Amino acid sequence: MVPVNVGDVIRDRILSAKVSAALVGISEGTKPKPPEFPGKPNVERPYFDDVGPRNVTAVVGQSTILNCRVKHPGDRTVSWMRKRDLHILTSGIHTYTGDGRFSVRHPEHSDDWDLRIEYVQKRDGGVYECQVNTEPKINMAILLNVEDAQATISGPVEVFVKKGSTISLTCSVNVHSTPPSSVLWYHGQSVVDFDSPRGGISLETEKTEAGTTSKLLVTKALLTDSGNYTCMPSNASPASAIVHVLNGEHPAAMQTSASDPIRQIALHVLLFHTLAMALVR
């Protein structure tokens, strides 16, 4: 009987096992991943390609778009749901609401399933979900904020300036998402004419991420420059200020607020003093 080397036998068996494992592809680190969907090998599971903001601000009366990009949707359906009432707005390319302001934007052969809302209203604010009917279902929530577009003029509602000084009015529209295409200034019922023979009237407009600012400058103020000034953006409610040009020499007659009781008293005293001086002369 030939003696058997136990160590050689064990080594041969280990080597044989490793070779067999390599041949069938089940050795450690090479085990194939199971398909995402049973019965459909090599099919990738849908997922959201987060390309758009999750917090969207829209302006009343404007249009807005909520972005949703789904990669590898396969034969799955992409839908949009309004969270507050669980109403399905769209499913695939079809719309399931009587409100014609809602529609889905899906260019052919693209991964985009964007929800478009026309003429946004305050009631449209809230959470919207883009959903894919996988098992389990996946969804992506987007918060829509709706704000009124409102212009504001910095400073007091009533402005008092001395004749010959400069009238400076700054109008701000804090809607950065949709800046106004234009900002008009009115003096009374007429649009401010920057090319009028009077001269000395200029406008500075600046558009930033914080919003749009329009600054009206009227140099060498005349008594006829008194009156109501209105800032009217193309996409926002207007704002107004009343300018009083005083025919006096007192430096206290600067831009100030008549709404402040102390300043109001001081203004009355100033006006009385000016009138008294005029009578004496």
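Described in the following lines is the structure provided in the data block. (Residues numbered from 1 in each chain as written. Predicted model: local features only at pLDDT ≥ 70, side-chain atom pairs only at ≥ 80, totals over all residues. Heavy atoms only, no water.)

**With respect to the sheet that holds strand 9 (residues 114-117)**
Phase 1: With respect to topology, three strands assemble into an open sheet ordered 3-9-8, the strand pairing being antiparallel. A strand with exactly one partner marks an edge of an open sheet, and here the two such strands are strand 3 (64-66) and strand 8 (102-105). Pairs of neighbouring strands in the sheet enclose a mean axial angle of 30 degrees, with direction left out of account.
Phase 2: Bridge count between strand 3 and strand 9: three bridges; the pairing is antiparallel. (Pairing = 2+ DSSP bridges. Helix = DSSP H or I, 4+ residues; strand = E, 2+ residues; numbered from the N terminus. Axes fitted to C-alpha atoms, helices over the stretch in contact; angles between N-to-C directions.)

**A few points about the sheet that holds strand 18 (residues 211-218)**
Phase 1: Here we have four strands laid out as an open sheet, ordered 12-14-18-17, and antiparallel in their pairing. Looking along the sheet, the strands with just one partner apiece sit at the ends: strand 12 (151-153) and strand 17 (201-208). Across the sheet, the mean angle separating the axes of adjacent strands is 20 degrees when strand polarity is ignored.
Phase 2: Here strand 12 pairs with strand 14 (residues 167-173) via three bridges, running antiparallel. Counted as the bridge partner of A151 is V173 from strand 14.

**Some details on the state of the cysteines**
Here is the idea: a disulfide is a covalent bond, and it sits between the sulfur atoms of two cysteines.
Phase 1: What the rule picks out here adds up to two disulfides.
Phase 2: C171 shares a disulfide with C231; S-S distance 1.9 Å. Where C171 bonds to C231 through sulfur, the torsion about that S-S bond is close to -70 degrees, and the disulfide is left-handed. Of this pair, C171 sits in strand 14 while C231 sits in strand 19 (residues 227-233), and the two are 60 residues apart along the sequence.
Phase 3: For C231, a relative accessible area of 0% gives the class buried. (Disulfide = S-S within 2.5 Å. Buried < 20%, exposed > 50% of the residue type's maximum accessible area, 1.4 Å probe, protein only.)

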